2 protein chains.
Amino acid sequence: MPTVASPSPAEDALETGATASIVGYRLRRAQLSVFQKFHAVFEELKLRPAEYSVLVLIADNPGRKQTEIAEALGIKRANFVTLVHGLEERGLVERVPSANDRRANALHLTRAGEAFLAHARAVHTAMEDELVARLGGAQARDRLLALLDRLT
Amino acid sequence: MPTVASPSPAEDALETGATASIVGYRLRRAQLSVFQKFHAVFEELKLRPAEYSVLVLIADNPGRKQTEIAEALGIKRANFVTLVHGLEERGLVERVPSANDRRANALHLTRAGEAFLAHARAVHTAMEDELVARLGGAQARDRLLALLDRLT
DNA sequence: TATTGTTATACTCTATAACTATA
DNA sequence: TATAGTTATAGAGTATAACAATA
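What counts and how
Residues numbered from 1 in each chain as written. Chains lettered and ligands numbered in written order. Predicted model: local features only at pLDDT ≥ 70, side-chain atom pairs only at ≥ 80, totals over all residues. Heavy atoms only, no water. Least-squares fit on C-alpha atoms with pLDDT ≥ 70 in both. Contact = heavy atoms within 4.5 Å. Buried area = accessible area lost by both parts, 1.4 Å probe. Salt bridge = Lys/Arg side-chain N within 4 Å of Asp/Glu carboxyl O. Helix = DSSP H or I, 4+ residues; strand = E, 2+ residues; numbered from the N terminus. Expected span 1.5 Å × (residues − 1). Buried < 20%, exposed > 50% of the residue type's maximum accessible area, 1.4 Å probe, protein only.

The name an unreviewed UniProt entry gives chain A is MarR family transcriptional regulator, with Devosia oryziradicis as the organism.

The structure is reproduced here in structure tokens:
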């Protein structure tokens with residue numbers, strides 16, 4: 001008697017035990033899964049994860065310069081230029097030349113940007129609620145975030 | 001009296017509370033951090049995360065065809081070609097034409113590949129042990145993996 | 001007809017160097 | 001000299017389409 005029971009066809013599965021126990025590997029798979037969900041949900045809004053985080057950070061820190069926002073999100077300032085440019089072209093973000101430092105651009109949301117973000121935040125909250133439910137509740141979410149913190 | 005105490009210079013930090021509570025965002029930062037560590041540790045072995053997982057999977061499932069290994073790791077078979085080709089050129093992997101299906105290549109590690117992987121596994125175990133210690137022990141690691149499973 | 005490995009190709013994300021205008 | 005924003009560019013990683021050989 002080889003195993004307890006294997007009723008289904010089952011083909012012949014691969015031995016994946018060694019990879020399955022790797023923290024980095026499992027972390028990557030979970031992150032890809034969550035981001036795929038994000039892309040599916042935000043397809044209608046044409047908004048990528050990085051763009052959403054930029055809008056949120058500008059809304060919560062109006063008037064900061066590009067370098068500050070970029071650095072806080074781990075985005076190189078060279079790559080941040082294109083990202084902000086796209087948001088500006090869509091009328092969501094304004095680059096206002098700074099009064100005291102004429103090298104810097106102060107970032108603000110436009111009226112349209114604030115309305116758009118309000119909608120995006122609602123969509124995101126619904127997605128996040130679903131994730132938290134899958135995790136088993138708010139406490140489970142907090143335990144996950146605490147564990148992730150130790151890896152960062 | 002504005003706040004309880006803020007002795008250090010502190011510049012003026014950004015408000016990041018909204019992004020900090022996003023599961024996907026924290027997941028991505030943690031994954032990037034772990035992968036950066038991987039790259040640093042495996043620089044001397046010239047081995048990327050995907051290549052390491054391929055070697056492990058071939059070692060644990062010798063004789064399987066490319067498509068099977070690629071699919072198990074979520075790698076498109078078109079992209080898998082280049083990856084395996086690199087490992088073959090380094091003398092770590094063999095592509096043996098399958099006896100029963102002449103379309104397929106059966107994958108095996110070479111002698112050199114097995115020796116190399118033994119070393120890589122040791123290096124990886126050391127890295128993993130350090131991660132587990134940071135998490136707070138094996139139980140904490142298992143709790144993390146269980147939570148990540150629910151997101152995948 | 002379907003599958004295996006392959007090539008070609010394109011798109012995103014990320015990283016570095018170098019320029020300008022200001023400080 | 002150093003910093004802010006910018007441009008150009010190159011390298012990964014990933015995605016699809018199409019082909020030849022074989023099933």
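Novice: Tell me about the relation of the copies chain B and chain A, and name the residues and values.
Specialist: Expressed as a screw operation, the relation of chain B to chain A combines 0.0 Å of axial shift with a rotation of 180°, fitting to an RMSD of 0.0 Å. The operation mapping one copy onto its partner corresponds to a two-fold rotation axis. Considering only C-alpha atoms, the residue of chain B closest to the rotation axis is B:L144, which sits at 3.2 Å. Most of the interface of chain B is mirrored in chain A, where 100% of its interface residues are also at the interface.

Novice: Just give me the short version of the interface of chain B and chain A, but keep the residues and values in it.
Specialist: Tallying the contact residues gives 52 residues for chain B and 52 residues for chain A. Buried surface at the junction of chain B and chain A, both sides included, amounts to about 4,800 Å², of which 65% is carbon and sulfur. Of all residues in chain B, B:L14, B:R26 and B:L151 give up the largest surface area on contact with chain A, accounting jointly for 13% of the area buried on that side. Our count for the chain B to chain A interface comes out at four salt bridges.

Novice: Any details on helix α2 (residues 23-41) of chain B? Residues and values, ideally.
Specialist: Taking 1.5 Å as the rise per residue, α2(B) with 19 residues should run 27 Å; its terminal C-alpha atoms sit 27 Å apart, in good agreement. If you check which residues of α2(B) are buried, you get B:V23, B:G24, B:Y25, B:R26, B:L27, B:A30, B:Q31, B:S33, B:V34, B:F35 and B:F38.

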